[in-house]
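Here's the letter readout for the chains.
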Amino acid sequence: MDLQDTELAERLRLAGLRPTRQRLSLAAMLFGAGDRHVSAESLHQQAQAARIDVSLATVYNTLNQFKAAGLLREVAFEGDRTFFDTNTSNHFHYYIEETDSLVDIGTEDLEVLGLPPLPPGTEIDRVDIIIRLRKTLG
């Protein structure tokens, strides 16, 4: 186990997850190269390309376990379309339709106004904003 694997194993343990071989392999792909937005399908394709033997169901389960442990943020839209974001801070996204990808937007220049009154006994956990982009003609 190299230094990166040791650090990832400790990160998983601190999040309450057992560092299995498959979790470590997927964690290395997710957290080894800066902030990323992935779908289960895209991460599964990357794992197959890297010759990591993991099923799509295991990828889904692992992403959901990482999310539940606070290691990932889920960005869901259009019903069943879901990305997992390694940046768990409060931020927003552009969605680029042609490339089916998300790009982070910082919160410093964005203001959300006019929210309706909250139901009794609730508080805002976070506000998700996804701005959809498409290429213009010309």
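Sequence order sets the numbering: in each chain, residues are counted from 1 along the sequence as written. With pLDDT at 70 or above as the cut-off, local features in this predicted model cover only qualifying residues; side-chain atom pairs require 80 or more to be listed or tallied, and sums for whole chains, interfaces and linings still use all residues. Values reported for side chains reflect all heavy atoms of the structure, with hydrogen atoms and water molecules removed beforehand.

J.: Quick one: what's the story with the overall build of the chain, residue by residue and with numbers?
T.: Numbering goes from the N terminus for both helices and strands, where a helix is a DSSP run of H or I of at least four residues and a strand is a run of E of at least two. Secondary structure assignment for the chain yields four helices and six strands. Reading the helices (α) and strands (β) of the chain from amino to carboxyl end gives α-α-β-α-α-β-β-β-β-β. Here the C-alpha coordinates of the chain stretch approximately 50 × 50 × 25 Å along the principal axes. Looking at the chain as a whole, 30% of its 138 residues are labelled buried. Should any heavy atoms of two residues lie within 4.5 Å, those residues are considered in contact. Look at the contacts in the chain between residues 6 or more apart in sequence, and 45% of them connect residues 24 or more apart. A simple rule labels every residue: compare its accessible area, found with a 1.4 Å probe on the protein chains alone, to the largest value its type can have, and call it buried under 20%, exposed over 50%, or partly exposed in between.

J.: A description of the packing of aromatic side chains should follow, citing residues and the corresponding values.
T.: Only Phe, Tyr and Trp rings are paired, with Trp represented by its six-membered ring, and only when their centres lie within 6.5 Å; those with planes under 30 degrees apart are stacked, over 60 edge-to-face, the remainder tilted. One pass over the structure, following the stated rule, counts two aromatic pairs. The interplanar angle of 35° and the centroid separation of 6.1 Å between the aromatic rings of F31 and F66 together place this pair among those described as tilted. Here F31, found in helix α2 (residues 21–31), pairs with F66, found in helix α4 (residues 56–68); they are 35 residues apart in sequence, far enough to count as distant. Considered together, F31 and F66 belong to a single accessibility category, that of buried residues.

J.: I'd like a description of a nonpolar patch on the surface, backed by residues and values.
T.: Patch criteria: residues need more than 30% relative accessible area and no salt bridge. Like-charged residues are merged within 9 Å; nonpolar side chains of Val, Leu, Ile, Met, Phe, Trp and Tyr are merged within 5 Å. Surface accessibility follows the Shrake-Rupley procedure with a 1.4 Å probe radius. Residue values consider only the protein chains on display as shielding. Definition used for salt bridges: Asp or Glu carboxyl oxygen within 4 Å of a side-chain nitrogen of Lys or Arg. A contiguous nonpolar surface patch, about 280 Å² in accessible area, is contributed by Y94, V103, I131 and L133. Looking at the element boundaries, I131 is found in strand β6 (residues 130–133).

J.: Could you give an account of α2, naming the residues involved and the relevant values?
T.: For α2, the tally of buried residues reaches eight of 11 residues, placing the bulk of the element in the interior. When we look at burial in α2, the residues that qualify are R23, L24, S25, L26, A27, M29, L30 and F31.

J.: For the sheet that holds strand β2 (residues 73–77), give the residues involved together with the corresponding values.
T.: Criterion used throughout: strands pair if DSSP finds at least two bridges between them. Sheet architecture is open: three strands sit in the order β1-β3-β2, paired in antiparallel fashion. At either end of the open sheet lies a strand with only one pairing partner, and these are β1 (37–38) and β2. One ladder, built from two bridges, connects β1 with strand β3 (residues 81–85); its direction is antiparallel. The residue of β3 that forms the bridge with H37 is D85.

J.: Break down the side chain of R73 for me, with residues and values.
T.: Mapped onto the fold, R73 is located in strand β2. Any pair of N or O atoms that falls within 3.5 Å is considered a polar contact. Within protein, one atom must be able to donate a hydrogen and the other to accept it, and sequence-neighbouring residues count only if both atoms are side-chain atoms. In terms of polar contacts, R73 uses its side chain to reach the backbone carbonyl oxygen of S89, at 2.9 Å. Of the polar contacts made by the side chain of R73, one reaches the side chain of D128; its length is 2.7 Å. What R73 contacts, discounting residues up to four positions off in sequence, is F83, F84, D85, N87, T88, S89, N90, H91, R126, V127 and D128.

J.: Describe the pairing of strand β5 (residues 101–105), and please don't skip the residues or the numbers.
T.: Bridge count between strand β4 (residues 92–96) and β5: five bridges; the pairing is antiparallel. The residue bridging Y95 from the neighbouring strand is L102, located in β5.

J.: Describe the pairing of β3, naming the residues involved and giving the relevant values.
T.: Of all five residues making up β3, four are buried, and the element is well covered by its neighbours. With five bridges joining them, β2 and β3 adopt antiparallel strand pairing. Directly across from R73, in β3, lies its bridge partner D85. Hairpin geometry of β2 and β3 is characterised by an intervening segment of three residues between the two adjacent antiparallel strands and by a positive phi of about 55° at E78.

Geometry only, nothing functional implied.
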